[in-house]
Amino acid sequence: MRTRFDSELETLYVSMIKMGSLTEDTLNALKAALSGEGRDRLAGIADISRAIDEKDREIEALCLRLLLRRQPVARDLRTISSAMKMIYDIERIGDNAVDIAEIIPFISSEDLTMRVGLDSMIGTVIEMVTGAIDAFVHYDAGKANAVIAEDDVADRAFDHAKQMVTDMIRHGDKDAQEAPDLLMIAKYLERMGDHAASLARWVLNALDVSGDWINNPVKVE
Amino acid sequence: MTIIETKDLDLWYGSMQALKKINLKMEEKSITALIGPSGCGKSTFLRTLNRMNDLVQGVRIEGEVLYNGENIFSPKVDVNGLRYEVGMVFQKPNPFMMSIYDNIAYGPRTHGIKSKVKLDEIVEKALVDASLFDEVKDRLRKSALGLSGGQQQRLCIARALAVQPKVLLMDEPTSALDPISTAKIEELAMSLCDRYTIIIVTHNMQQALRIAHKTAFFLLGEVIEYDDTEKIFSNPSDPRTEDYVTGRFG
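Residues numbered from 1 in each chain as written. Chains lettered and ligands numbered in written order. Predicted model: local features only at pLDDT ≥ 70, side-chain atom pairs only at ≥ 80, totals over all residues. Heavy atoms only, no water.

1. Remarks on the pattern of salt bridges
Right, so step 1: Summed over the entire model, instances satisfying the criterion amount to 28 salt bridges over all chains.
Right, so step 2: Put simply, Lys187 of chain A and Glu190 of chain A hold a salt bridge, and the shortest N to O gap is 2.8 Å. Pair noted here: Lys187 of chain A and Glu190 of chain A are both in helix H7 (residues 179-207), with a separation of 3 residues, about one helical turn.
Right, so step 3: Judged by its relative accessible area of 38%, Lys187 of chain A is partly exposed.
Right, so step 4: The class for Glu190 of chain A is buried, based on a relative accessible area of 8%.
Right, so step 5: Residue Asp54 of chain B pairs with Arg51 of chain B through a salt bridge whose shortest N-O separation is 2.7 Å. (Salt bridge = Lys/Arg side-chain N within 4 Å of Asp/Glu carboxyl O. Helix = DSSP H or I, 4+ residues; strand = E, 2+ residues; numbered from the N terminus. Buried < 20%, exposed > 50% of the residue type's maximum accessible area, 1.4 Å probe, protein only.)

2. Examining the environment of Thr124 of chain A
All names here are of chain A.
Right, so step 1: Positionally, Thr124 belongs in helix H5 (residues 118-138).
Right, so step 2: For the pair Thr124 and Gly193, spaced 69 residues apart in sequence, the C-alpha separation works out to 8.0 Å.
Right, so step 3: Residue contacts for Thr124: discarding those within four places in its chain leaves Glu150, Val153 and Ala154. (Contact = heavy atoms within 4.5 Å.)

3. Topic: the pairing of strand S1 (residues 2-13) of chain B
Residues and elements named next belong to chain B.
Right, so step 1: Of the strand pairs in this sheet, S1 and strand S2 (residues 16-27) are connected by 8 bridges, and their pairing is antiparallel. Pairing of Leu9 across the sheet is with Ile22, part of S2.
Right, so step 2: Linking two consecutive strands that pair antiparallel, namely S1 and S2, is a turn of 2 residues; a positive phi of about 65 degrees is found at Gly14 within it.
Right, so step 3: One ladder, built from 8 bridges, connects S1 with strand S4 (residues 59-67); its direction is antiparallel. Directly across from Thr6, in S4, lies its bridge partner Val65. (Pairing = 2+ DSSP bridges.)

4. Considerations on the sheet that holds S2 of chain B
Residues and elements named next belong to chain B.
Right, so step 1: The strand order across the open sheet formed by 4 strands is S2-S1-S4-S5, and the pairing between neighbours is antiparallel. Two strands in the sheet have a free side with no partner beyond their single neighbour: S2 and strand S5 (70-71).
Right, so step 2: For S4 and S5, the ladder comprises 2 bridges, and the chain directions are antiparallel. Bridged to Tyr67 within S5 is Glu70.

5. Focus: the interface of chain A and chain B
The accessible area lost on association of the parts is a frequent measure of interface size.
Right, so step 1: Taken together, the contact pairs 13 residues of chain A with 15 residues of chain B.
Right, so step 2: Across the interface of chain A and chain B, roughly 1200 Å² is buried in total on both sides, 49% from carbon and sulfur atoms.
Right, so step 3: Scanning the region where chain A abuts chain B turns up 2 salt bridges.
Right, so step 4: Between Asp6 of chain A and Arg248 of chain B there is a salt bridge, and its shortest N-O distance comes to 3.8 Å.
Right, so step 5: Linking chain A with chain B are 5 residue pairs in polar contact (both at pLDDT 80 or more), by the criterion used here.
Right, so step 6: The element contributing the most residues to the side of chain A that touches chain B is helix H3 (residues 74-103) of chain A, with 4 residues.
Right, so step 7: Along the lines of polarity and charge, the residues of the side of chain A that touches chain B split into 5 nonpolar, 2 polar and 6 charged. (Buried area = accessible area lost by both parts, 1.4 Å probe. Polar contact = N/O pair within 3.5 Å; in protein donor to acceptor, adjacent residues only side chain to side chain. Nonpolar A, V, L, I, M, F, W, Y, C, P; charged D, E, K, R; others polar.)

6. Topic: the packing of aromatic side chains
Residues and elements named next belong to chain B.
Right, so step 1: Evaluated as defined, the whole model comprises 5 aromatic pairs over all chains.
Right, so step 2: Judged by centre distance (5.4 Å) and plane angle (50 degrees), the ring pair of Phe45 and Phe218 falls under tilted. One end of the pair, Phe45, is in helix H1 (residues 42-48); the other, Phe218, is in strand S9 (residues 214-219), and 173 residues separate them in sequence. Neither residue differs from the other here; Phe45 and Phe218 are each classed as buried.
Right, so step 3: On the basis of an interplanar angle of 55 degrees and a centroid distance of 5.7 Å, the ring pair of Tyr244 and Phe249 is categorised as tilted.
Right, so step 4: An aromatic cluster is built from Phe217, Tyr244 and Phe249, whose rings are joined through pairwise contacts.
Right, so step 5: A cation over a ring is seen here: Arg159 above Phe96, with NZ or CZ 4.1 Å from the ring centre. (Phe/Tyr/Trp six-rings, centres within 6.5 Å; stacked < 30°, edge-to-face > 60°. Lys NZ or Arg CZ within 6 Å of the ring centre and 35° of its normal.)

7. Thoughts on the layout of surface pockets
Residue and element names in this part refer to chain B.
Right, so step 1: Of the voids in this model, the largest pocket is the one considered here, and its volume is about 490 Å³.
Right, so step 2: Lining the largest pocket are 18 residues; nearest its centre among them are Arg83, Met88, Phe96, Arg159 and Ala160.
Right, so step 3: Within the residue set of the lining of the largest pocket, elements represented by two or more residues are helix H2 (79-85), strand S6 (86-89), helix H3 (100-110) and helix H6 (149-161).
Right, so step 4: The element that contributes the greatest number of residues to the lining of the largest pocket is S6, accounting for 4 residues.
Right, so step 5: Split into classes, the residues belonging to the lining of the largest pocket amount to 11 nonpolar, 5 polar and 2 charged. (1 Å grid on protein atoms, 1.4 Å probe; cavity = no way out; pocket = protein on both sides within 12 Å on 5 of 7 lines; lining within 4 Å. Points joined across faces, edges and corners; volume = space filled by probe spheres on them.)

8. Examining the environment of Ile232 of chain B
Residue and element names in this part refer to chain B.
Right, so step 1: Within the secondary structure layout, Ile232 lies in helix H9 (residues 229-234).
Right, so step 2: For Ile232, a relative accessible area of 0% puts it in the buried group.
Right, so step 3: Through-space distance from the C-alpha of Ile232 to that of Leu188 is 23 Å; in sequence the pair is 44 residues apart.
Right, so step 4: Ignoring anything within four residues of it in the chain, the contact list for Ile232 reads Thr215, Glu225, Asp227, Thr241 and Val245.

These results come straight from atomic positions and should not be treated as a statement about function.
Following this line, the structure appears as structure tokens:
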């Protein structure tokens, strides 16, 4: 029975993993730049982001084709419709990575990004994105819930970065002119965390943890 | 309100048990779909609801089928009267070899209605209700066999409606029809369900999704799951239902 449909769903999973993996590449390049390991990989982020956009269109087309031709129901319908929403979040994370990559050259030293805590913040975001994609592929509600919980860590890291930046300005720190750029990076990272948490909520909808997926979906912010 | 309820309904064809402890409550003025793989007992169940299985040799039935609270197997029940109230439409359209008008008037005439004015009124109303009147009003005296397959099926529905049933049993009513005729029958079923109770056997999952309020999944003579149609097709409770509706077996 339905060997072809199962193989099409397998293609969807593989494409989602590839899209997630491309996003991780951009995040790892940012991590290197924010934690003093070098900025040489930043230049490639725009290209990877374009590859992410292409994957987004490819997956969307696959999902539409599956909806049209297979008329999925139950778990299949939940998986495909959640995938269609997840690719939006992954694509936005890719765009945020490009935004950050454009700002980093204006930061004079990695000491500043590390002082504000952006290096650990990007680590949290990478964990969240990887966890959300894993949760989708393995149908793992526990992992998805862990990602959602981790969003609080990202939010607290943003609050910390904001405080540090405020202190820099208040105390007339010699690097205070870089404060707005640091704050913008922190904000983009915080948004990435929100998108990763949203990815995890779509996984919970695919699993139908509410038991009434259509009328009572898990709220995605 | 429940119009038909089965309690521990068992049915055997000789030594083969075709229905096992079926407990279902069907709501008045709603559409209930019965789904399941071939040979799972759904058509047998449907035919039991107006005692059509009485005509099959070697059938043995235990348990109860309550129609408006009364057991239809009670000796007090008039079987013909039951079949007027619980009408049936079959997989293949089966119009009588007579005119369109006479097909519809057949039932009321056997009820003793002879007045032409009254019969005209019944025939027109049944054809209007079956969304067929406009297509056949100029050829009511022509043979019903000249109608298309889809029109013949709607004629059969009109014929069933002419005796003013409360329940319509439909056994794969669109499986022999093209998509346009199928859509017309589905529209018709949805427009009728505010006045009639419809119980439909279908192999078409999308059809059950489109028209049924509730869906029962049958497997090997048992009801595995009975719930709101959206629940059955979005998040069924039993993994066997999920496997069937997603096409993993059947």
